[in-house]
Amino acid sequence: KFTRVHKKALSKLDPTFCIHPSCPVSCSFAIPLPFLLTVCLTLSLSPPYLLAAALLRGSSFHCHQVTLDHVNMDGKRRTRRKLKGQGRPGASAKGESLQGVDMTTVEKFTDLPFVDRRQGPTAGKIANKIRRHQIFQQQKKQRIKDKEERRAARKKLAKALGEKAPPKLEQRTIESMRASDETIVQEGDEEVARDQEDDEFAAYFAGGAPKILVTTNNLAKRGAYQFAEELINIFPDAEFYKRKGWDLKDIVAEAKQKDFTDVIVINQDHKKVNQLVFTHLPDGPTATYKVTSLQYPKDIKDHGRASNHYPEIITTNFTTRLGFQLSRMFRSLVPHQPEYHGRQVVTFHNQRDFIFFRRHRYIFHNKKKVGLQELGPRFTLKLKSLQKGTFDTKFGEYEFVSKNSYYVDRKKCFL
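Residues numbered from 1 in each chain as written. Predicted model: local features only at pLDDT ≥ 70, side-chain atom pairs only at ≥ 80, totals over all residues. Heavy atoms only, no water.

A.B. asks: Explain the overall build of the protein chain here, please?
C.D. replies: Within the protein chain, the regular secondary structure consists of 10 helices and 15 strands. Every one of the 415 residues in the protein chain was classed for burial, and the buried ones make up 34%. Once local pairs closer than 6 in sequence are excluded, the contacts in the protein chain between residues at least 24 apart make up 66%. Counting every atom, the protein chain has about 27,500 Å² of accessible surface; 52% of that belongs to carbon and sulfur. (Helix = DSSP H or I, 4+ residues; strand = E, 2+ residues; numbered from the N terminus. Buried < 20%, exposed > 50% of the residue type's maximum accessible area, 1.4 Å probe, protein only. Contact = heavy atoms within 4.5 Å. Areas by Shrake-Rupley, 256 points an atom, 1.4 Å probe, with all protein chains shown as cover.)

Rendered as structure tokens:
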């Protein structure tokens, strides 16, 4: 327990220094020896051998910066913390010696406010809900502030150095940290080029024209017909036929006789479009996709009105053998000769095996500036299965079937 004398003596002590005989920064000041012994023994600032060394050296003591946390009114001492890398005799790894340093630099350093480098309690280990939320928000704000300061410092450095500035840091995303895959196609792969010369889509890329049949599931509701209308607007050579209870195998056989090149089936669940089935004719393959995030043009702000011109098509970020096959399947839905004066672009963008569909019209503001106007609709596809040949659920051979276990590692991608 502290006595009144101890508290009074403690109030006179400057908390920005302590006595240490091995500190290289020399300071001369007069401190009464009884006062020094009382404070040191009370706060346990120095062991006896350090006090003896200090007495042998007289009244010229050495100091280094520390800080003292609050002392409770009940007299209990909490902690004392030292600056990072300083205060321990012989410390040279992180806290280098200050010998040979200009004293103005030392004074400037010692005048800086103390920064506690401790990692505070993690929010998850705090039992009190309100306090846990406060700690989490404080840590989040501090992280954002530190990130902005680092970004401002890099920007300032790049402006000062000009062309000699260090390169920009690469943003670390799940896509950029993607796990390596042996099926990734390298540029100029001759084996892939030979396979594409005689695959199921070779007839189209040799100059064939697409002809698409669009239908729905049995007992379809309004949403399926609305989405079918959008698909017919996207692909001008598409035709819509009502299902009328026909089996899908019979639809495929009838489509072959009428020289259709593709069949698209729209499925609904609880009056919402949830699945698309693409079948390429006459020999397949058949791809089944899950549909999410569907938005019609009326739901898109400042959308444009599409025309009947043949659009350009862009497929991006399909890098594996499986991804190449899906990319060729999408490209076979649009005629070879896009009508450029329509300025319409259809995009299938793959990111982490999610295929994002967008349709835009590009607008030339001037010779250097180009703008985009979204036409809609927009939706996201996720491959569920890829089957060789046409639709056959019983005896079909599957090249790929999606499973939840495939995506445990978020950095693993298949397209």
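A.B. asks: I keep staring at unusual backbone geometry and nothing clicks. Help me out?
C.D. replies: Glycine aside, negative phi is the norm for most residues, and most peptide bonds take the trans geometry. Following Leu281, the chain continues into Pro282 via a peptide bond in cis, with omega recorded as 5°. Here Pro282 lies in the loop between strand E8 (272-280) and strand E9 (286-295). Even without being glycine, Asp259 reaches a positive phi, approximately 65°. Phi at Ser293 is positive, roughly 55°, even though this residue is not glycine. Relative to the assigned elements, Ser293 resides in strand E9. Ser293 gets classed as exposed once you look at its relative accessible area, which sits at 55%.

A.B. asks: Any chance you could explain helix H5 (residues 129-161) here in plain terms?
C.D. replies: Across its 33 residues, H5 extends 48 Å between first and last C-alpha, which sits within 8% of the 48 Å expected from 1.5 Å per residue. Immediately downstream of H5, the backbone of Gly162 shows phi near 70°, a positive value. (Expected span 1.5 Å × (residues − 1).)

A.B. asks: Please explain the pattern of salt bridges as it appears in this structure.
C.D. replies: Opposite charge on two side chains lets them pair, provided their charged atoms get close. For the structure shown, the criterion picks out six salt bridges. Across the pair Asp199 and Arg328 runs a salt bridge, and its minimum N-O distance is 2.9 Å. On the criterion of sequence distance, the pair formed by Asp199 in the loop between helix H6 (190-197) and helix H7 (202-205) and Arg328 in helix H10 (residues 321-331) is long-range, its members being 129 residues apart. The class of Asp199 is partly exposed, set by a relative accessible area of 22%. (Salt bridge = Lys/Arg side-chain N within 4 Å of Asp/Glu carboxyl O.)

A.B. asks: Quick question: what am I supposed to make of the packing of aromatic side chains here?
C.D. replies: Here a ring pair, both rings aromatic, is described through the centre-centre distance and the interplanar angle of the planes. Taken as a whole and assessed by the stated rule, the structure comprises 16 aromatic pairs. Between Tyr241 and Phe260 the ring centres are 6.2 Å apart and the planes differ by 90°, which places this aromatic pair in the edge-to-face class. Of this pair, Tyr241 sits in the loop between strand E6 (238-240) and helix H9 (248-257) while Phe260 sits in the loop between H9 and strand E7 (262-269), and the two are 19 residues apart along the sequence. Given the relative accessible area of 34%, Tyr241 is considered partly exposed. Summarising the aromatic geometry, the rings of Phe278 and Tyr289 are spaced 5.5 Å apart at their centres and angled 90° between planes, so their arrangement reads as edge-to-face. Separated by 11 residues along the polypeptide, Phe278 in strand E8 and Tyr289 in strand E9 bring together distant segments of the chain. The two residues Phe278 and Tyr289 agree in class, both being buried. Through a chain of ring-to-ring contacts, three or more aromatic side chains come together here, namely Phe227, Phe278, Tyr289, Phe318, Phe330, Phe348, Phe357 and Phe379. (Phe/Tyr/Trp six-rings, centres within 6.5 Å; stacked < 30°, edge-to-face > 60°.)

A.B. asks: How should the side chain of Thr216 be read in this particular structure?
C.D. replies: The residue Thr216 is located in strand E5 (residues 212-216) in this model. Setting aside anything within four residues of it in sequence, one finds Thr216 in contact with Ala224, Tyr225, Phe240, Arg243, Val265 and Ile266.

A.B. asks: Mind showing me how you'd approach the packing of H6 against H10 here?
C.D. replies: How two helices pack is summed up by the angle between their axes together with the distance between the axes. Running from amino to carboxyl end, H6 crosses H10 at an angle of 35°, the nearest separation of the two axes being 12 Å. Relative to H10, the crossing made by H6 is right-handed. Along the contact surface, H6 presents Glu191, Val192, Asp195 and Gln196, while H10 presents Arg321, Phe324 and Arg328. (Axes fitted to C-alpha atoms, helices over the stretch in contact; angles between N-to-C directions. Left-handed = near helix turned anticlockwise from the far one by under 90°.)

A.B. asks: Sorry, what's going on with the pairing of E7 here?
C.D. replies: For a regular strand, the rule is simple: side chains alternate between the two faces of the sheet. For E7, the buried fraction is high: seven of the eight residues fall into the buried class. By the bridge criterion, five bridges tie E5 to E7 in an arrangement that is parallel. Bridge pairing links Thr215 to Val265 in E7. Inspection of the sheet shows E7 paired to E8 by eight bridges, in the antiparallel sense. The residue of E8 that forms the bridge with Gln268 is Val273. (Pairing = 2+ DSSP bridges.)

A.B. asks: Can you help me understand the pairing of E8 in this one?
C.D. replies: Across the nine residues of E8, seven count as buried, placing the element largely inside the fold. The loop that links E7 with its antiparallel partner E8 comprises two residues; one of these, His270, has a positive phi angle of about 55°. Where E8 and E9 come together, five bridges link them in antiparallel fashion. In the sheet register, Val277 faces E9, and the bridge partner there is Thr288. In textbook terms, the turn of a hairpin is the stretch between consecutive antiparallel strands, and for E8 and E9 this stretch comprises five residues, one of which, Gly284, has a positive phi near 85°.

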